[in-house]
Amino acid sequence: MGYFIRRIFMKKKSKNLKSNNFKKSYIIAEFILSRMDKEKILQQAFEIKKRTIFPTFEEKEIIDIADQLIVERNGVVRSLESKVDKLSNRILRDVDDPKNWQPSDYLPDFSGEWVDYIKEIQIQSSALSDELLIVLIGNMITEEGLPTYQALVNRPGSVRDLTGTQDTAWGKWTRWWAAEENRHGDLLHSYLTLIPRLNMRAIERDIQHLLGSGFDPGIEEDPYKLMVYTSFQEKATQISHLGTARIARKQGDEKLYTICTAIAKDEARHFSFYKGVMMEIFDADTDGAMTSYAKMMKKTIPMPAEELNSIRNPNLYTDFSEVAQSTKIYTAKDYVGVIEQLNAEWEIKDREVTTIEAIQAQEYLLKLPQRYLKLADRRKNIEFSFDISRFDWIK
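Residues numbered from 1 in each chain as written. Predicted model: local features only at pLDDT ≥ 70, side-chain atom pairs only at ≥ 80, totals over all residues. Heavy atoms only, no water.

**Focus: the nonpolar core**
Of all hydrophobic cores here, the largest spans 103 residues; its most connected members are Tyr191, Tyr293, Met297 and Trp393. Residue contributions to this core peak at 13 residues, all from helix α13 (residues 254-284). Look past the residues within four positions of tryptophan 393 in its chain and what remains in contact with it is Ile134, Ile137, Gly138, Ile141, Arg197, Leu198, Asn199, Ala202, Ile203, Asp206, Leu308 and Leu316. Of all hydrophobic cores here, the second largest spans 10 residues; its members include Ile41, Leu42, Ile63 and Ala66. (Core = buried A, V, L, I, M, F, W, Y, C linked by side-chain atoms within 4.5 Å. Buried < 20%, exposed > 50% of the residue type's maximum accessible area, 1.4 Å probe, protein only. Helix = DSSP H or I, 4+ residues; strand = E, 2+ residues; numbered from the N terminus. Contact = heavy atoms within 4.5 Å.)

See below:
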């Protein structure tokens, strides 16, 4: 940071080289920068980078300061390499581990007695409500967006796998995490093809649209924000799959219950990893972690399927979200529950923070669950009318 201070005050230095004025100015500048809203600087710099490759001098100064902040945060994350390696070794499953399932474990074996197996799936799934199927399809499409999510995790410099085969803790984690996640979309997609009521071509069209649309959860170039986002999203996805499993069992589809439960268990393990890494970041850089967490929550955590819209229904994602809310598979109160869990896991209340920005962030985070609970209570009075015609996923 001092490098950029010196650049800013170079003119003053030339005029006051033999006096103490420059030294005083330098100290004042250091003080000003220490009180800057770093998250605002990071956001401004990222917006400038998105807008132009030829920034003005003033914009370049903002970018330089932001880049230095990112360098510092990447340095913190790189220092956790051994801890990341230990954590990932504990959480990831070996391919040959008997507990490591494959999609074929839950699907018909076409080399054997598969006709009765498919009939059983079709009989059980015939009792599933349209609402449950809509959420299940939305969950599957979300899982199929994995290429976008792997690219996201590989964005910050400290976790980037430069060659795609690097033998670093982060390189190994990202690849093997993606390998485990890849089974989710494969399994759900294969299961859904066995349900006659579904329009698989429309579903696959929307998968392609989602992948082509991309996804920006607002992490900018910040590894801290990446860990906040992935921690939140893995937990939210776990809740959604468990909710789907619960209702599937109530409606008589035991096979779907088993499938969604298996996927939810994976999400729980992956949540444990990202949550654990962010805990280490909090211990290493409490102020920076606190402001990053608050910044992400002020944006609200976007769901991976936010770009799930089409020409036929430009509000497809909103409609899907409303169905998930009305079926109580994933609700506003679940969102609050994730915030409460992360606040508790990361010991937000008991952390000692030093900067004004971090203190304000801590206060914001502690008040946030109650604020969202009030919003969730207001939603209880909103009537939802399910309109199957808004979805062409079901025939």
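**A short note on helix α14 (residues 286-299)**
In this model, α14 (14 residues) spans 20 Å end to end at C-alpha, consistent with the 20 Å of a helix rising 1.5 Å per residue. By the criterion of burial, α14 is predominantly enclosed, with 12 of the 14 residues buried. Buried within α14 we find Thr286, Asp287, Gly288, Ala289, Met290, Thr291, Ser292, Tyr293, Ala294, Lys295, Met296 and Met297. At its buried positions, α14 is contacted by α4 (38-51), α5 (57-78), α12 (223-250), α13, α16 (332-345) and α17 (356-379). Directly beyond the C-terminal end of α14, a positive phi value near 65° is found at threonine 300. (Expected span 1.5 Å × (residues − 1).)

**Describing the packing of α5 against α12**
Taken N-terminus to C-terminus, the directions of α5 and α12 make an angle of 60°; their axes are 8 Å apart at the nearest point. Relative to α12, the element α5 is oriented oblique. Between α5 and α12, the contacting residues are Arg73, Asn74, Val76 and Val77 on the first element and Pro223, Tyr224 and Lys225 on the second. The class makeup of the residues in the contact of α5 with α12 is 4 nonpolar, 1 polar and 2 charged. (Axes fitted to C-alpha atoms, helices over the stretch in contact; angles between N-to-C directions. Parallel < 35°, antiparallel > 145°, perpendicular 65-115°, else oblique. Nonpolar A, V, L, I, M, F, W, Y, C, P; charged D, E, K, R; others polar.)

**Quick look at the environment of isoleucine 70**
Considering the arrangement of structural elements, one finds isoleucine 70 in helix α5. Residue classification places isoleucine 70 among the buried residues on the basis of a relative accessible area of 10%. When the C-alpha atoms of isoleucine 70 and tyrosine 224 are compared, they prove to be 9.4 Å apart, with 154 residues separating the residues in sequence. Look past the residues within four positions of isoleucine 70 in its chain and what remains in contact with it is Leu42, Glu221 and Asp222.

**Description of empty space enclosed by the protein**
All told, the structure shown has 2 cavities of 30 Å³ or more when counted by the stated rule. Taken as a whole, the largest cavity holds about 220 Å³ of empty space. Lining the largest cavity we find 16 residues, and of these Tyr149, Trp177, Gln233, Glu234 and Pro304 sit closest to its centre. Within the residue set of the lining of the largest cavity, elements represented by two or more residues are α8 (130-143), α9 (146-153), α10 (169-192), α12 and α13. The leading source of residues in the lining of the largest cavity is α12, at 5 residues. Partitioned by chemical class, the residues of the lining of the largest cavity number 8 nonpolar, 4 polar and 4 charged. Computed from the structure, the second largest cavity encloses a volume of approximately 60 Å³. What lines the second largest cavity is simply Leu42, Ala45, Phe46, Lys49, Ala66, Asp67, Ile70, Glu220 and Glu221. When residues of the lining of the second largest cavity are traced back to their parent elements, those giving at least two are α4 and α5. (1 Å grid on protein atoms, 1.4 Å probe; cavity = no way out; pocket = protein on both sides within 12 Å on 5 of 7 lines; lining within 4 Å. Points joined across faces, edges and corners; volume = space filled by probe spheres on them.)

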